[in-house]
Each structure stands twice: as structure tokens, then as C-alpha cells.
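Report on the structure
Now for the letters of each chain:
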Amino acid sequence: MSRRRIGFWYRFAAVLCKPPLVVLLKRDWRGMEHIPADGGFITAVNHNSHVDPFAYAHYQYNTGRVPRFLAKSGLFKKGFVGAAMRGTGQIPVYRESTDALSAFRAAIDAVERGECVAFYPEGTLTRDPDGWPMTAKTGAARVALQTKCPVVPVAQWGCNELLPPYSKKPQLFPRKTHHVLAGPPVDLSRFYDKEMTADLLREATEVIMAAVTRQLEEIRGEKAPATPYDARRERIEQRRRTRVQTGQETAQADADAGMDVGADADAPRLAAGASPAGTEEESGT
């Protein structure tokens, strides 16, 4: 199947976005040969800065295969941004609604039309303290197994140095380098034609994310943690620590209150010159 033409809106967005990206970021872009020349496919990309969707789109735009991102539905509603999102063929995600599955269906349709759908499998900016990919959601694996399309693992690094995760203050100087490394498609053939259970989707997702992480290890020249950061597990653990801490504080407050009650009970006796209750002098021993 032939590739879809880039179109007016994507070219217009490129005219607006490329100049500031070129000024702000140097480029170390590798692996473009792994981006398929024709046919539908998926890229699975790590996410560590609010800037990196623009920088990564610049990378892939230069391959001639523009990405269709999954993005929050609110961005599509009105104004210039909404028109640009619709015009460039991005895919709205309706979270926690009856339309929640529409993004999945739209992603499949896009792949089957011969387009590229770019997934951030982590679903949000990484929360790993050192910027490594986290455990991921299963959407990319689900689309890949449904369509049997190529899944290209892509790692990027550098936008997080320009604008760190969850920061609003860019670090403009010295000029940062945007590193991108795309790898060969992930082999998911052993998962084909099987029932898409939750376990199977998780296993396929782990294979995809392991490939993305290997690409990032090559960029950074260091090894990632053996176990990816799990944001859900960390939230559960944080709630447990909070409950334990709250329980300890409550127990300490009860103990302090008990000490205060005991002191108040002895106060009249001490005022009268008697020994505190329970001492040897009062008990006659």
C-alpha cells in the first residue's frame, strides 16, 4: 500500500515548528533506514519532555512518513490548535467515556490505510527518576497484533535536558542535542493468531518496551535498570507508606494523650505532697 501524502496542514505545521526547533536543538538522528518506505506501521517512542512530540515529529517528517499521534480529545475541539490537529490527521483519545475505544479503532484504520501511528506506550511523561522508560500500556501491542504491522522501536534523548519532565522552565544554554535512534522492527510473530488475553498483551508490550529501552541504552551509553519503573506500583506503595505513617502518627498522638492524662491524674497528689501513684513509698514496700 502506498504512503499517504503529507498534506497542507502538516506542511504548514512544519513551517511553523521547524525554525524554532532548529534554533533550540542540535540533531543526532539515526536509524531512519528502519522507517518503512511504504505501508502502515507503528512507532513506539519513549516520552521524557513536553517538547519531544514536536522534535520527534520533525525527525519523522524528514523521513517522508509523517506520524499520526494519539492525543487528548480536548485539543481537537476548537480554535487554530483544533483545526491543526484535525488537519494533520492526529487521533483523538476520549478517556473515561463511551468513546474510549474509538482511538483504538482509529489507529487500526490508519495503519490499514498505510499510515504511521506513533505511540507513546507509557501514556505520559516518564516518572523514572533517571529518565528511563516506564512500564507501558498495551494499546500499541493491541494494534500491532490486530494488524500484524511492523512496530519500529524509537528512543529519544535531549529534549528532557531542554525542558525537564514536569518543568515549566526551559534550560536554553548551552544548546542541547536531540538524539533519536530508530531500531529494526520488533519481532512479534510468536504472538500472532492467539487469543489477545491481558497476559499476552502485557508480554508483547514488554517485548516492545525492551526494544525501545535498548535503543536508549545505546544513545546514553549506559544500562537501564533491570526492572522498569512501575508508576502504578509506586502509587500503591506510596499509599501504603502514607497509611503506615498516618497510623504511626495516630499511635504516637494516642500515646502522648495517654501520658498527658496520666500526668493530670498525678497532679493533685503531687500538689498535696504525695508521691506519684505506683511508687514504692505510696505502696508501703
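The structure we're discussing is the one just above.
As a starting point, this report considers the structure included with it. This one's a predicted model, so the numbers in the text were calculated from it and none came from an experiment.

1. Quick look at the overall build of the protein
If you tally the helices and strands in the protein, you get nine helices and seven strands. Relative to its 285 residues, the protein shows a buried fraction of 42%. Looking at the protein alone, contacts between residues at least 24 apart form 73% of all its contacts between residues at least 6 apart. Of the roughly 16100 Å² of accessible surface on the protein, a fraction of 55% belongs to carbon and sulfur atoms.

2. Overview of the pattern of salt bridges
Tallying each qualifying case throughout the model produces twelve salt bridges. Here aspartate 199 ties to arginine 202 by a salt bridge, and the two come within 2.2 Å at their closest N and O atoms. Within this pair, aspartate 199 and its partner arginine 202 are both found in helix α7 (residues 198-220), separated by three residues, close to a single helical turn. What makes aspartate 199 exposed here is its relative accessible area of 51%. A relative accessible area of 43% means that arginine 202 is categorised as partly exposed. Its salt-bridge partner being arginine 241, residue glutamate 234 comes within 2.9 Å of it at the nearest N-O pair. You can call arginine 241 partly exposed: its relative accessible area is 33%. Here the salt bridges do not stand alone but share partners, grouping Glu234, Glu237, Arg240 and Arg241 into one network.

3. Things to note about the layout of surface pockets
Space inside the largest pocket adds up to approximately 1800 Å³. Elements with a contribution of two residues or more to the lining of the largest pocket: α1 (8-24), α2 (52-61), β3 (67-72), α3 (79-87), α4 (102-112), β5 (116-119) and α5 (139-147). Among the elements that line the lining of the largest pocket, the one with the most residues is α1, at nine residues. In this model, the second largest pocket occupies a volume close to 910 Å³. Around the second largest pocket sit 35 residues that line it, and Met134, Thr135, Ala136, Tyr229 and Asp230 are the ones nearest its centre. Among the secondary structure elements, those contributing two or more residues to the lining of the second largest pocket are α7 and α8 (231-271). Residue composition of the lining of the second largest pocket, grouped by class: 14 nonpolar, seven polar and 14 charged.

4. Some words on the side chain of asparagine 160
Within the element layout of this structure, asparagine 160 appears in helix α6 (residues 159-162). At 2.8 Å, the side chain of asparagine 160 and the backbone nitrogen of glycine 158 are in polar contact. Non-local contacts of asparagine 160, meaning those with residues more than four positions away in its chain, are made with Asn48, Ser49 and Pro165.

5. Regarding the packing of α5 against α7
Between α5 and α7, whose axes approach to 8 Å, the crossing angle comes to 100°. Classified by the angle their axes make, α5 and α7 are roughly perpendicular. Mapping the contact onto sequence places Ala141, Arg142 and Leu145 in α5 and Leu200, Leu201, Ala204, Thr205 and Ile208 in α7. Partitioned by chemical class, the residues of the contact of α5 with α7 number six nonpolar, one polar and one charged.

Procedures and definitions
- Residues numbered from 1 in each chain as written.
- Predicted model: local features only at pLDDT ≥ 70, side-chain atom pairs only at ≥ 80, totals over all residues.
- Heavy atoms only, no water.
- Helix = DSSP H or I, 4+ residues; strand = E, 2+ residues; numbered from the N terminus.
- Buried < 20%, exposed > 50% of the residue type's maximum accessible area, 1.4 Å probe, protein only.
- Contact = heavy atoms within 4.5 Å.
- Areas by Shrake-Rupley, 256 points an atom, 1.4 Å probe, with all protein chains shown as cover.
- Salt bridge = Lys/Arg side-chain N within 4 Å of Asp/Glu carboxyl O.
- 1 Å grid on protein atoms, 1.4 Å probe; cavity = no way out; pocket = protein on both sides within 12 Å on 5 of 7 lines; lining within 4 Å.
- Points joined across faces, edges and corners; volume = space filled by probe spheres on them.
- Nonpolar A, V, L, I, M, F, W, Y, C, P; charged D, E, K, R; others polar.
- Polar contact = N/O pair within 3.5 Å; in protein donor to acceptor, adjacent residues only side chain to side chain.
- Axes fitted to C-alpha atoms, helices over the stretch in contact; angles between N-to-C directions.
- Parallel < 35°, antiparallel > 145°, perpendicular 65-115°, else oblique.

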